[in-house]
Amino acid sequence: MGEVLQHRDRKAGEVWARLATVTDPELDESVTDLGFVELVTVHEDGGVDIVFRLPTFWCAANFAFLMADDMRQAVSALPWVRQARPELRDHMVAREINQGVSEGKSFADALKEFAPGGSLDDLREKFRRKAFERRQEFMILALRGLGYEDPAICRMTLGTYDGVDFGPGDVSRQKLRYRELLVQRHLAHLPDDRAFVTYEGDTIRRHELTPYLQRLRGVRINMEFNSSLCRGLLAARYREVGGISTARTSACGTCGSGCSVRTIGPHGAAEQHTVAPA
């Protein structure tokens, strides 16, 4: 029995790791860091249930659909997963979103009245740009903090960027996240490619850097404000309005990993074996 629980414990940890790569499209922050994911349950047949909820009952349906579909794709990438089943709760169109994602429908087909433009591609591109610019500003300021001057930053190649050591911590993590978008957008790939260019791939010259960063600062402030608002609304909603709340216990049965999450709702408590994110 202990071996079975440890096996499921490991798999649940892999699921949480995949979910950590999924971001709120508007905020460019992980859905796990934001506290949106409430529960993960791994089944012996390779099915994975993912329960998540958002800060308000009226959160934008297109954002919610994007997150649900991204969770499904991220978890489905694990070789042992047969079916990933995200379940949005406490949302005005949760049923339509859950059914649409489960059946592999597009947003336009799942929620016709919410998708007058048809596709979410334009929305994805808009938020991809914001994510790129926020991550880029973070890294430019981090390099300045290490003593790099603006001309060196503007000329910096991807090879030089890769060689900068920020030590352990969040800066090193953000360094990889910025690089990821550079490569995804085909802005840099080879060691001699410029590491800091505009979203369109244009060179940033030394005299342009300060006004360019002022614009990026506006993008960051807007995203940070929305992030703080979402966190506050989520905390208030599930602490004060009688919704579901979660609390970790010290251990669950035989695995001794502290992975038990007790879900408390209006019908009492039920315990699921899962792994809560660190």
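Use the structure listed above.
In this text the structure is predicted, and so the values were computed from the model without any measurement.

Packing of helix α5 (residues 121-145) against helix α8 (residues 170-184) leaves a shortest axis separation of 9 Å and a crossing angle of 135°. When the axis of α5 is compared with that of α8, the two are oblique. Like other packed secondary-structure pairs, α5 and α8 cross with a definite hand, here left-handed. Along the contact surface, α5 presents R128, A131, F132, R135, Q136, F138, M139 and A142, while α8 presents D170, V171, Q174, K175, R177, Y178, E180, L181 and L182. For the contact of α5 with α8, the per-class residue count stands at nine nonpolar, two polar and six charged.

Time to look at the nonpolar core. Nonpolar side chains tend toward joint burial in soluble globular proteins. Core analysis: the largest hydrophobic core is formed by 45 residues, its most contacted members being V15, L19, M71 and I97. Examining the composition of this core, we find that 10 residues originate from one element, helix α2 (residues 61-76), more than from any other. If sequence neighbours within four positions are ignored, I97 has contacts with A61, A64, F65, A68, L88, H91 and L111. Counting 27 residues, the second largest nonpolar core, distinct from the first, contains L143, L158, L181 and L213.

The rules behind these values
Residues numbered from 1 in each chain as written. Predicted model: local features only at pLDDT ≥ 70, side-chain atom pairs only at ≥ 80, totals over all residues. Heavy atoms only, no water. Axes fitted to C-alpha atoms, helices over the stretch in contact; angles between N-to-C directions. Helix = DSSP H or I, 4+ residues; strand = E, 2+ residues; numbered from the N terminus. Parallel < 35°, antiparallel > 145°, perpendicular 65-115°, else oblique. Left-handed = near helix turned anticlockwise from the far one by under 90°. Contact = heavy atoms within 4.5 Å. Nonpolar A, V, L, I, M, F, W, Y, C, P; charged D, E, K, R; others polar. Core = buried A, V, L, I, M, F, W, Y, C linked by side-chain atoms within 4.5 Å. Buried < 20%, exposed > 50% of the residue type's maximum accessible area, 1.4 Å probe, protein only.

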